[in-house]
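Chain by chain, the residues:
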Amino acid sequence: MIKIKVPATSANLGVGFDCMGLAVSLYSTASFEKNDQPLSIIGCEPEYQNSDNLIYQAFVKGCQFLKQDVPNVKITIDNHIPISRGLGSSAFCIVAGLMGANAWFGNTLTKEQLLDLATQIEGHPDNVSPAIYGQLGVSFMNDADVQTVHFEVDPKLHFVALIPNYHVSTEKARSILPTEMSYQTAIYQIGHAVALSKAFELGDLALVKTAIVDKMHEPFRSQLIPDYPSAKEITEANHGVLYISGSGSTLMAITKDDDAADKIITDVKKSFPNWEAHHLTVDTKGARVI
Ligand code: HSE
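Residues numbered from 1 in each chain as written. Predicted model: local features only at pLDDT ≥ 70, side-chain atom pairs only at ≥ 80, totals over all residues. Heavy atoms only, no water.

**A few points about the layout of surface pockets**
So, point 1. Estimates place the volume of the largest pocket at around 780 Å³.
So, point 2. Taken together, 38 residues form the lining of the largest pocket, with Leu-54, Ile-83, Ser-84, Ser-89 and Ser-90 sitting closest to its centre.
So, point 3. Mapped onto the lining of the largest pocket, the elements with two or more residues apiece are helix H1 (54-65), helix H2 (89-104) and helix H5 (170-175).
So, point 4. At 4 residues, H2 tops the list of elements feeding residues into the lining of the largest pocket.
So, point 5. Residue-level mapping places the lining of the largest pocket at the junction of two domains, with at least three residues from each of domain 1 (2-151 + 285-289) and domain 2 (158-280).
So, point 6. Lining the second largest pocket are 15 residues; nearest its centre among them are Val-15, Cys-19, Gln-189, Ile-190 and Ala-193.
So, point 7. If you tally residues by element for the lining of the second largest pocket, the top one is helix H6 (residues 183-202), at 6 residues.
So, point 8. The residue inventory of the lining of the second largest pocket, partitioned by class, reads 12 nonpolar, 3 polar and no charged.
So, point 9. Counting contributing residues, the lining of the second largest pocket receives three or more from each of domain 1 (2-151 + 285-289) and domain 2 (158-280). (1 Å grid on protein atoms, 1.4 Å probe; cavity = no way out; pocket = protein on both sides within 12 Å on 5 of 7 lines; lining within 4 Å. Points joined across faces, edges and corners; volume = space filled by probe spheres on them. Helix = DSSP H or I, 4+ residues; strand = E, 2+ residues; numbered from the N terminus. Domains from an automatic or database assignment. Nonpolar A, V, L, I, M, F, W, Y, C, P; charged D, E, K, R; others polar.)

Structure representation (structure tokens):
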């Protein structure tokens, strides 16, 4: 049996819209084994137990890229990444399926090839890249060629995923964005994004706080998350910094110590008892065969 473990990922990180992504210590696994029928899938809702399943679709794409017949397969999913919450649940499916096919046929693909294939399926690299490599990745594309620059995140920084009990559709969160941006705003974003990468590397929370302030998507998307102002207030009362993870609804708080992270969880749970909250660290390894 082949088992693939994939970290959750948090894209955008404020000013890094569609470019930055961070792998965090919340994991899902998918196992692949021989089967006497073409396809069985367990561990997900019955509506996803068919050939439209994204893990299987990515597995098929991997087999096709390797020029192999798609084998009969049983896929067992153990998912801990909340779906449609901005934590890379689709990146998990895509990366697990591709790596499952790669492992099935002798692990011949490089991480660069996996990233290219995963980006073709997902449409953008900001989640799939850290899911494959771990750490903080800044990705960019020249035509179909995807490149990622990796940054180590100082372990002084702590991350708290505050996960509302409602989702935000990525489609809607993209459709509400303006279609144009001024040179002035572009200059603002570039300077802030470069500084933010350095701030993560240094573990400098004060610099994170000033550099992370986005003008490209958060001002619009925060309106889709009704509890954004309360979560921001709780985070800032505990000296943390908040950003919208991916297209939401998860809000990610960054703190510089354990106590502040745990206090944010306690305070959020008081106001929002139905939310999930996880104190996370940065995943440094990315997806692996276990
Ligand atoms: N960068 C994407 C967005 C991530 O914010 O729309 C969602 O998958």
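**What about the pattern of salt bridges?**
So, point 1. Going through the model one piece at a time under the given rule, you end up with 7 salt bridges.
So, point 2. For Lys-232, the salt bridge is made with Glu-236, and the minimal N-O distance between the two is 3.3 Å. With Lys-232 and Glu-236 both in helix H9 (residues 228-237), this residue pair falls 4 residues apart, about one helical turn.
So, point 3. Overall, the relative accessible area of 27% leaves Lys-232 in the partly exposed class.
So, point 4. It is possible to trace a salt-bridge network through shared partners that takes in Lys-263, Asp-267 and Lys-270. (Salt bridge = Lys/Arg side-chain N within 4 Å of Asp/Glu carboxyl O. Buried < 20%, exposed > 50% of the residue type's maximum accessible area, 1.4 Å probe, protein only.)

**Some words on the domain arrangement of the protein chain**
Interface size is often expressed as the accessible area that is lost when the parts come together.
So, point 1. Under the domain assignment used here, the protein chain contains domain 1 (2-151 + 285-289) and domain 2 (158-280).
So, point 2. Its C-alpha centre places domain 1 at a distance of 24 Å from the equivalent point of domain 2.
So, point 3. Taken together, the contacts link 21 residues of domain 1 with 36 residues of domain 2.
So, point 4. It is Val-15, Phe-17 and Arg-85 that lose the most area in domain 1 upon contact with domain 2, and together they represent 32% of the buried surface on that side.
So, point 5. Here domain 1 and domain 2 share 1 salt bridge between them.
So, point 6. Across the pair Arg-174 and Asp-18 runs a salt bridge, and its minimum N-O distance is 2.6 Å.
So, point 7. Of all the secondary-structure elements, those providing two or more residues to the side of domain 1 that touches domain 2 are strand S1 (2-11), strand S2 (20-34) and strand S5 (136-142). (Contact = heavy atoms within 4.5 Å. Buried area = accessible area lost by both parts, 1.4 Å probe.)

**Observations concerning the packing of aromatic side chains**
So, point 1. Inspection of the entire model under this criterion finds 5 aromatic pairs.
So, point 2. Here Phe-59 and Trp-104 contribute two aromatic rings whose centre-to-centre distance is 5.7 Å and whose plane-to-plane angle is 75°, an arrangement assigned as edge-to-face. Linking Phe-59 in helix H1 with Trp-104 in helix H2, this pair joins segments that are 45 residues apart in sequence.
So, point 3. By relative accessible area, which is 0% here, Phe-59 ends up buried.
So, point 4. Linked through ring pairs, Phe-32, Tyr-56, Phe-59 and Trp-104 together constitute an aromatic cluster. (Phe/Tyr/Trp six-rings, centres within 6.5 Å; stacked < 30°, edge-to-face > 60°.)

**A look at the nonpolar core**
So, point 1. Membership of the largest hydrophobic core comes to 70 residues, with the highest contact counts inside it found for Phe-32, Phe-159, Phe-200 and Val-208.
So, point 2. Aside from chain neighbours lying at most four places away, what touches Phe-159 is Leu-22, Val-153, Phe-200, Met-252, Ala-253, Ile-254, His-278, His-279, Leu-280 and Val-282.
So, point 3. Formed by 19 residues, the second largest nonpolar core is a distinct cluster that contains Ile-234, Leu-242, Ile-265 and Phe-272. (Core = buried A, V, L, I, M, F, W, Y, C linked by side-chain atoms within 4.5 Å.)

**Quick word on the packing of H2 against helix H3 (residues 111-122)**
So, point 1. As a packed pair, H2 and H3 sit with axes 10 Å apart at the nearest point and diverge in direction by 135°. The pairing of H2 with H3 is recorded here as oblique in orientation. The interaxial crossing formed by H2 with H3 has right-handed handedness. In contact with Ser-90, Ala-91, Ile-94, Leu-98, Met-99 and Asn-102 of H2, H3 contributes Leu-114, Leu-117, Ala-118, Ile-121 and Glu-122.
So, point 2. Tallied by class, the residues present in the contact of H2 with H3 amount to 8 nonpolar, 2 polar and 1 charged. (Axes fitted to C-alpha atoms, helices over the stretch in contact; angles between N-to-C directions. Parallel < 35°, antiparallel > 145°, perpendicular 65-115°, else oblique. Left-handed = near helix turned anticlockwise from the far one by under 90°.)

**A short note on the pairing of S1**
Consecutive side chains along a regular strand alternate between the two faces of the sheet.
So, point 1. Within S1, 8 of the 10 residues are buried, which leaves it mostly tucked inside the rest of the structure.
So, point 2. As defined by bridge partners, S1 adjoins S2 across 10 bridges and the pair is classed as antiparallel. When the sheet's bridge partners are listed, Val-6 is paired in S2 with Ser-28.
So, point 3. Two strands pair when backbone bridges link them, and S1 and strand S11 (residues 288-289) are joined in this way by 2 bridges, in the antiparallel orientation. Opposite Ile-4, over in S11, you have Val-289 as the bridge partner. (Pairing = 2+ DSSP bridges.)

**Some points on the pairing of strand S8 (residues 241-244)**
So, point 1. Neither face of S8 is left uncovered, since the one carrying Val-241 and Tyr-243 and the one carrying Leu-242 and Ile-244 both have all their residues buried.
So, point 2. Once S8 ends, the chain turns through 6 residues before running back antiparallel as strand S9 (residues 251-255), passing Gly-246 with a positive phi of about 55°.

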